[in-house]
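# Results of the structural survey
Chain residues, written in single-letter form:
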Amino acid sequence: MLNAAQLALFDQGDPMVEFLPRDTGSTAAGAAEATRAAQAQGARAFAGPLTLGETAAAANVARASGAPVLAFTSDAAQAGNGVWVMGVTPAEQADRMVAAAAAAGAQRLALLAPDDGFGRLLASGMRARATILALPPPLVLLHPRISDPAQVARDLAAQAGPEGLDAVLLGTGGDRARQAAAALAAALPARPRFLGTGLWAQDSALGQEPALVGAWFPGPDPQARAAFDSRYQMAFGEKPPRLAGVAYDAAALAARAVREPGGNPPLGQPMLGADGPIRLEAGGLAQRGLAIFEVAPAGEALLVEPAPVPGGPGT
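Residues numbered from 1 in each chain as written. Predicted model: local features only at pLDDT ≥ 70, side-chain atom pairs only at ≥ 80, totals over all residues. Heavy atoms only, no water.

### Overview of the pattern of salt bridges
Across all of its chains, the model carries 12 salt bridges by this definition. Arg 231 is the partner of Asp 11 in a salt bridge, and the nearest nitrogen-oxygen pair spans 3.1 Å. Within this pair, whereas Asp 11 is found in helix α1 (residues 2-12), its partner Arg 231 is found in helix α8 (residues 222-236), the two being separated by 220 residues in sequence. The class for Asp 11 is partly exposed, based on a relative accessible area of 34%. On the basis of relative accessibility, which here comes to 31%, the residue Arg 231 falls in the partly exposed class. As a salt-bridge pair, Asp 275 and Arg 242 come within 3.5 Å of each other at their nearest N and O atoms. One end of the pair, Asp 275, is in the loop between β9 (271-273) and β10 (276-280); the other, Arg 242, is in the loop between α8 and α9 (244-257), and 33 residues separate them in sequence. A relative accessible area of 10% means that Asp 275 is categorised as buried. (Salt bridge = Lys/Arg side-chain N within 4 Å of Asp/Glu carboxyl O. Helix = DSSP H or I, 4+ residues; strand = E, 2+ residues; numbered from the N terminus. Buried < 20%, exposed > 50% of the residue type's maximum accessible area, 1.4 Å probe, protein only.)

Structure follows, in structure tokens:
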């Protein structure tokens, strides 16, 4: 992530912007101390840290000087009051998938996900987008994490009744997603369109389950990500990890912030980040354009819809 941030500043090409790396030690106290040390050297914007605890601690220190924090976390609760959440949030993923399914004609929607923070945020995003699109309220079944995937899938099918479902968002990945999809396909009157989350992006084995072939999931814009991966490979001699894209975007926006009047990052202005289009909202969220991919029987997923520019029609 440090390499990605350095690459972002190199791409900016502004010799007046200096980068001051500081190690948080992966603790809240370390994040607060790192922020104070950077401020003492004149830091006016912060890219990072990673976790929600570190983010809260760093933000408390940064607010004293009005410096913005472009945090790597995906916890939307941290957004606002000088903090921008740069990670892709669960609600954002659910919103994108519901919109795509509805555009393809789906009306009866459902969510099957663990009863945890991730699952509850998926449910919130799904309900919000369904309301905006004037769709019936989605059927939501949140279950304990240790539940039998096939059984909770059959429970969802029973709740759906004889009308069945047009699309089902699965909030799990791997073997649990495969088991749930197989059970739902067998229990419902007709196989629904299965939808996934970013958890599916690195799982080429999903297509081994016939019920999931043709399922959709969100992911980074492939052209933007390929261009970033290529630049990173040339600079550092290795392929970047997935989270490096968030660090690149945060550093690029932090560099722009120090050049903006008032020292805030540019709001409402779409830019092309490492993972595709991105647009900062006044409330502290980074709205991202997510592409839609289709699960293939084997190998890489297929691109179904390119990433839209945030803030455009339909987003």
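After that view, the rundown keeps rolling.
### A short note on helix α4 (residues 90-103)
Spanning 14 residues, α4 covers 20 Å between terminal C-alpha atoms, matching the ideal 20 Å at 1.5 Å per step. All of the buried residues along α4 are Pro 90, Glu 92, Gln 93, Ala 94, Arg 96, Met 97, Val 98, Ala 100, Ala 101 and Ala 102. (Expected span 1.5 Å × (residues − 1).)

### Side note on the pairing of strand β4 (residues 109-114)
For β4, the tally of buried residues reaches 6 of 6 residues, placing the bulk of the element in the interior. Note that β4 and strand β6 (residues 167-170) share 4 bridges and pair parallel. Paired with Leu 109 across the two strands is Ala 167, which belongs to β6. In terms of strand pairing, β4 meets strand β5 (residues 139-143) through 5 bridges, oriented parallel. Among the inter-strand pairings, Ala 110 is bridged to a residue of β5, identified as Leu 139. Where the polypeptide runs from β4 across helix α5 (residues 117-132) and back to β5, its parallel neighbour, the crossover connection is right-handed. (Pairing = 2+ DSSP bridges. Right-handed = clockwise from strand over helix to strand, strands pointing away.)

### A few points about the packing of α4 against α5
Interaxial distance between α4 and α5 falls to 7 Å at its minimum, and their mutual angle equals 40°. One element, α4, and the other, α5, form an angle in the oblique class. Along this stretch, α4 crosses α5, giving a crossing that reads as right-handed. For the pair α4 and α5, the contacting residues are Pro 90, Ala 91, Gln 93, Ala 94, Asp 95, Val 98 and Ala 99 in the first and Phe 118, Leu 121, Leu 122, Gly 125, Met 126, Arg 129 and Ala 130 in the second. Here the residues of the contact of α4 with α5 sort into 10 nonpolar, 2 polar and 2 charged. (Axes fitted to C-alpha atoms, helices over the stretch in contact; angles between N-to-C directions. Parallel < 35°, antiparallel > 145°, perpendicular 65-115°, else oblique. Left-handed = near helix turned anticlockwise from the far one by under 90°. Contact = heavy atoms within 4.5 Å. Nonpolar A, V, L, I, M, F, W, Y, C, P; charged D, E, K, R; others polar.)

### A word on the nonpolar core
Leu 112, Leu 170, Leu 184, Phe 194 and Trp 200 are the most contacted members of the largest nonpolar core, which totals 29 residues. In terms of residues, this core owes the most to one element, helix α6 (residues 149-160), which gives 6 residues. Counting residues in each nonpolar core, the second largest holds 26 residues, with Ala 45, Met 86, Met 271 and Ile 278 among its members. (Core = buried A, V, L, I, M, F, W, Y, C linked by side-chain atoms within 4.5 Å.)

Just distances and angles here, no functional claims.
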